[in-house]
Amino acid sequence: MPTYILAKRVITNANYKTQTEKDEMQFKLDAFLLNNRVTQDEYNELTQVLLDKQIV
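All of the points below concern the structure found in this document. Keep in mind the model is a prediction, meaning the values are calculated, not measured.

**Quick notes on the overall build of the chain**
Logical step 1: Broken down by element type, the chain carries 3 helices and 0 strands.
Logical step 2: Scanning the chain from its N terminus toward the C terminus, one meets helices and strands in the order α-α-α.
Logical step 3: On the principal axes, the C-alpha backbone points of the chain span a range of 30 × 20 × 15 Å.
Logical step 4: In the chain, buried positions account for 29% of the 56 residues.
Logical step 5: Here the analysis covers contacts within the chain between residues at least 6 apart in sequence; of these, 61% occur between residues at least 24 apart.
Logical step 6: When the accessible surface of the chain is summed, it comes to about 4000 Å², and 55% of that surface belongs to carbon and sulfur atoms.
Logical step 7: Taking the average location of the 7 positive side-chain charges in the chain and that of its 8 negative ones, the two points are 8 Å from each other.

As structure tokens, this is what we get:
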């Protein structure tokens, strides 16, 4: 399964309890982009989805 689909599923289903947890996911997205596992457009979308997620 493509990295983009898995990452989007993880972000959508996650319940982030701290900003640190969100920061760790952002770090993973950065690594995926740098290693050409996602495109720039996919990275931008995933980052926006992550930013929109509320900390619970």
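Read on, since the account is not over.
**With respect to the nonpolar core**
Logical step 1: Tyr4, Ala7, Ile11, Ala14, Tyr16, Met25, Leu29, Val38, Tyr43, Leu46 and Leu50 form the largest nonpolar core, which has 11 residues in total.
Logical step 2: Counting residues per element, the ones that place at least two in this core are helix 1 (3-13), helix 2 (19-34) and helix 3 (40-52).
Logical step 3: Leaving out residues up to four positions away in the same chain, Val38 has contacts with Thr3, Tyr4, Phe32, Leu33, Tyr43 and Leu46.

**Quick word on unusual backbone geometry**
Logical step 1: Phi at Asn36 takes a positive value of approximately 60°, unusual for a residue other than glycine.
Logical step 2: With respect to the helices and strands, the residue Asn36 is situated in the loop between helix 2 and helix 3.

**Side note on helix 3**
Logical step 1: In a regular helix each residue adds 1.5 Å, so 13 residues correspond to 18 Å; helix 3 covers 18 Å between its end C-alpha atoms and thus fits that length.
Logical step 2: Where helix 3 is concerned, the buried positions are Tyr43, Leu46, Thr47 and Leu50. All buried residues of helix 3 lie within an arc of 100° about the axis, which places them on one face of the element. In this structure, helix 3 carries Asp41 and Asp52 as exposed residues pointing more than 90 degrees from its buried face.
Logical step 3: On its buried face, helix 3 is in contact with helix 1 and helix 2.

Rules used throughout
Residues numbered from 1 in each chain as written. Predicted model: local features only at pLDDT ≥ 70, side-chain atom pairs only at ≥ 80, totals over all residues. Heavy atoms only, no water. Helix = DSSP H or I, 4+ residues; strand = E, 2+ residues; numbered from the N terminus. Buried < 20%, exposed > 50% of the residue type's maximum accessible area, 1.4 Å probe, protein only. Contact = heavy atoms within 4.5 Å. Areas by Shrake-Rupley, 256 points an atom, 1.4 Å probe, with all protein chains shown as cover. Lys, Arg positive; Asp, Glu negative; His and termini not counted. Charge placed at Lys NZ, Arg CZ, Asp CG, Glu CD. Core = buried A, V, L, I, M, F, W, Y, C linked by side-chain atoms within 4.5 Å. Expected span 1.5 Å × (residues − 1). Arc of directions from axis to C-beta.

Any functional reading would require information that these geometric values do not contain.
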